[in-house]
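# Fold and contact review
Here are the chains, one letter per residue:
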Amino acid sequence: MDQQIILDALFSAIAAIGFSAISRLPRRAYLYCAVIAALGHSLRFLLMSPDGTGMHIFLATLIASCFIGLLAVFLSPLARTPAEACFFPSLLPMIPGIYAYMTFGGLALCILSDSQEAYNFYYYQFSHNGFICIAILTGMVVGATLPVFMFKKISFQATR
Amino acid sequence: MMASECKVMERQHDITQVPSGKEVCLFLAEYGSWLLGCGATCIRLEKNMQRIAATYGKRMELTISPRHIHVSVLDDSGSDTVTTIASVKATGVSFNLNTMLSQLSWEVADRKLGFREARERLREITRSDSQNKWVVLLLVTLANASFCHLFGGDLPAMAVVGAATLAGYYLKQLLLEHRVDIRVVVLACAFVSSVLGASCHLFSLGTTPAVAIGTSILYLVPGIPFLNSFSDVLYRYYICAFSRFMDAVVLTACLSAGLCAGMALMRVGMF
């Protein structure tokens, strides 16, 4: 399990650096984003792991996102970037990509299905994956944005 | 007189000279159009602009609509009011620009940067935001391959996702250089990446072909508009929040259409 956590942290950090480049972050902030992503994603991994607390993906994502938001607020003055610039690339490794993929696939096959049985199956796939996807996205956004809202003074003076 | 002395005198003159309401209004409109264009939240935009206006002894009222900002600058006495509307600059998301523009507002407020100097700094900042596109391409490729691992993909899936991302993101850079509409760009890139991402399925590489195709398009997810729209809701900028949310939804729909077309072409089943 230790090895899994280390690998999870490593790949999250690489993903965060790539997404820092896409969103044109100042280079000095790349390292901060990598650290925040590694810690945040490892926390979610631990929370969801059966050997850990075995928490549902929605709750685990909400808690990990809040942790990422807090880290971003308190590290952004060191990186001298806005807090949201620090948490965005760090949040991306938690995007529910596979759920989104299954949702759209379910929808497409639902439309193309030619029997009631097939339709019901694909509709279930569409709605089940879609609800989980929306819940996770909401949890991510709410969790990460609330610390910025709560610690306005630190967040808005990070570039001072 | 030495050139450095001339510069110091010029700066002192610049600091002591109070800019007119019209000058401040035009400066703020340009500043705001860049800041909103690079993906700043509405609350940051308003706070930064208020900070600059207050330093130059003015009051400011701001209306933010999805594609324009409407700035009114008032003298403290309220006798002189100037209003202007500026179109938001289509710069694409850039936290580097966002950071430098935010720093400029603090330089004006804390270091009492003169008005002329602030205008020059704004021009410099908007010209200096460049990136090495090959480095970005490499980092995005590695990032998406790492994503594949995080979603449970094996090594062949990671390699295929890396290749699909490399091709897709390169296409995105090319099309954006030719000023193609972003919705068309997202659709085309999702199609190309999903077709290449289906290689695992086609050639029976590894044991996680579904993860490969699902993660091959994740670099196109419009995360920043989604996050910014929620931030705007928190601070009650509902019109902007809705506009950003709709932008994100439209881009997600284009992404999905490209993905479905790619999967249909490759005859990849999902369940």
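Small disclaimer: the values here were computed from a predicted structure and weren't measured.

### Some details on the overall build of chain B
- Looking only at helices and strands, chain B features twelve helices and three strands.
- In terms of overall dimensions, chain B has a C-alpha envelope of 75 × 45 × 30 Å along the principal axes.
- Looking at chain B as a whole, 52% of its 271 residues are labelled buried.
- Here chain B displays about 12,500 Å² of accessible surface, and carbon together with sulfur accounts for 61% of that area.
- Placing the 24 positive and 21 negative side-chain charges of chain B at their respective mean positions leaves the two points 4 Å apart.

### Points about the packing of helix 4 (residues 95–110) of chain B against helix 5 (residues 115–128) of chain B
Residues and elements named next belong to chain B.
- Interhelical geometry of helix 4 versus helix 5 gives an angle of 170° and a closest axis separation of 10 Å. When the axes of helix 4 and helix 5 are compared, the pair comes out roughly antiparallel. From helix 4, Leu97, Met100, Leu101, Leu104, Glu107 and Val108 reach across to helix 5, where they touch Ala118, Arg121, Leu122, Ile125, Thr126 and Ser128.
- Per-class residue counts for the contact of helix 4 with helix 5 are eight nonpolar, two polar and two charged.

### Examining the side chain of Thr165 of chain B
All names here are of chain B.
- When you line up the elements, Thr165 lands in helix 7 (residues 155–177).
- The buried category is assigned to Thr165, whose relative accessible area is 0%.
- Polar side-chain contacts of Thr165 include one of 2.9 Å to the side chain of Asn144.
- Among residues more than four places away in sequence, those in contact with Thr165 are Val140, Thr141, Asn144, Tyr170, Ser216 and Tyr219.

### Some words on the domain arrangement of chain B
All names here are of chain B.
- Per the domain assignment, the segments of chain B are domain 1 (15–128) and domain 2 (133–266).
- A straight line from the C-alpha centre of domain 1 to that of domain 2 covers 34 Å.
- Each partner contributes to the interface: domain 1 provides twelve residues, whereas domain 2 provides ten residues.
- Roughly 890 Å² is buried in total at the junction of domain 1 and domain 2, and carbon and sulfur atoms are behind 69% of that figure.
- The three residues of domain 1 that bury the most area against domain 2 are Cys42, Ile43 and Pro66, which together make up 47% of that side's buried surface.
- Between the two partners, domain 1 and domain 2, sit zero salt bridges.
- At three residues, the largest contribution of residues to the side of domain 1 that touches domain 2 is made by helix 3 (residues 42–55).
- Residues of the side of domain 1 that touches domain 2, tallied by class, amount to eight nonpolar, three polar and one charged.

### As for the packing of helix 1 (residues 2–22) of chain A against helix 2 (residues 30–48) of chain A
All names here are of chain A.
- Two numbers describe how helix 1 lies on helix 2: the axes approach to 7 Å, and their chain directions differ by 140°. Put simply, helix 1 runs oblique to helix 2. Note that helix 1 runs across helix 2; the crossing there is right-handed. Of helix 2, the residues touching helix 1 (which contributes Gln4, Ile5, Asp8, Ala9, Ser12, Ala13, Ala16, Ile17, Ser20 and Ala21) are Tyr30, Cys33, Ala34, Ala37, Ala38, His41, Ser42, Phe45 and Leu46.
- For the contact of helix 1 with helix 2, the per-class residue count stands at 13 nonpolar, five polar and one charged.

### A look at the nonpolar core
- Judged by nonpolar contacts, the single largest core of 70 residues is most densely connected at Leu25, Phe87 and Leu91 of chain A together with Phe147, Ile213 and Tyr219 of chain B.
- Top element by residues in this core is helix 6 (residues 133–150) of chain B. It accounts for eight residues.
- Apart from the residues within four sequence positions on either side, Leu91 of chain A is in contact with Ser65, Ile68, Met140 and Ala144 of chain A together with Leu227 of chain B.
- Formed by 40 residues, the second largest nonpolar core is a distinct cluster that contains Leu35, Ala40, Met49 and Phe115 of chain B.

Calculation criteria
Residues numbered from 1 in each chain as written. Chains lettered and ligands numbered in written order. Predicted model: local features only at pLDDT ≥ 70, side-chain atom pairs only at ≥ 80, totals over all residues. Heavy atoms only, no water. Helix = DSSP H or I, 4+ residues; strand = E, 2+ residues; numbered from the N terminus. Buried < 20%, exposed > 50% of the residue type's maximum accessible area, 1.4 Å probe, protein only. Areas by Shrake-Rupley, 256 points an atom, 1.4 Å probe, with all protein chains shown as cover. Lys, Arg positive; Asp, Glu negative; His and termini not counted. Charge placed at Lys NZ, Arg CZ, Asp CG, Glu CD. Axes fitted to C-alpha atoms, helices over the stretch in contact; angles between N-to-C directions. Parallel < 35°, antiparallel > 145°, perpendicular 65-115°, else oblique. Contact = heavy atoms within 4.5 Å. Nonpolar A, V, L, I, M, F, W, Y, C, P; charged D, E, K, R; others polar. Polar contact = N/O pair within 3.5 Å; in protein donor to acceptor, adjacent residues only side chain to side chain. Domains from an automatic or database assignment. Buried area = accessible area lost by both parts, 1.4 Å probe. Salt bridge = Lys/Arg side-chain N within 4 Å of Asp/Glu carboxyl O. Left-handed = near helix turned anticlockwise from the far one by under 90°. Core = buried A, V, L, I, M, F, W, Y, C linked by side-chain atoms within 4.5 Å.

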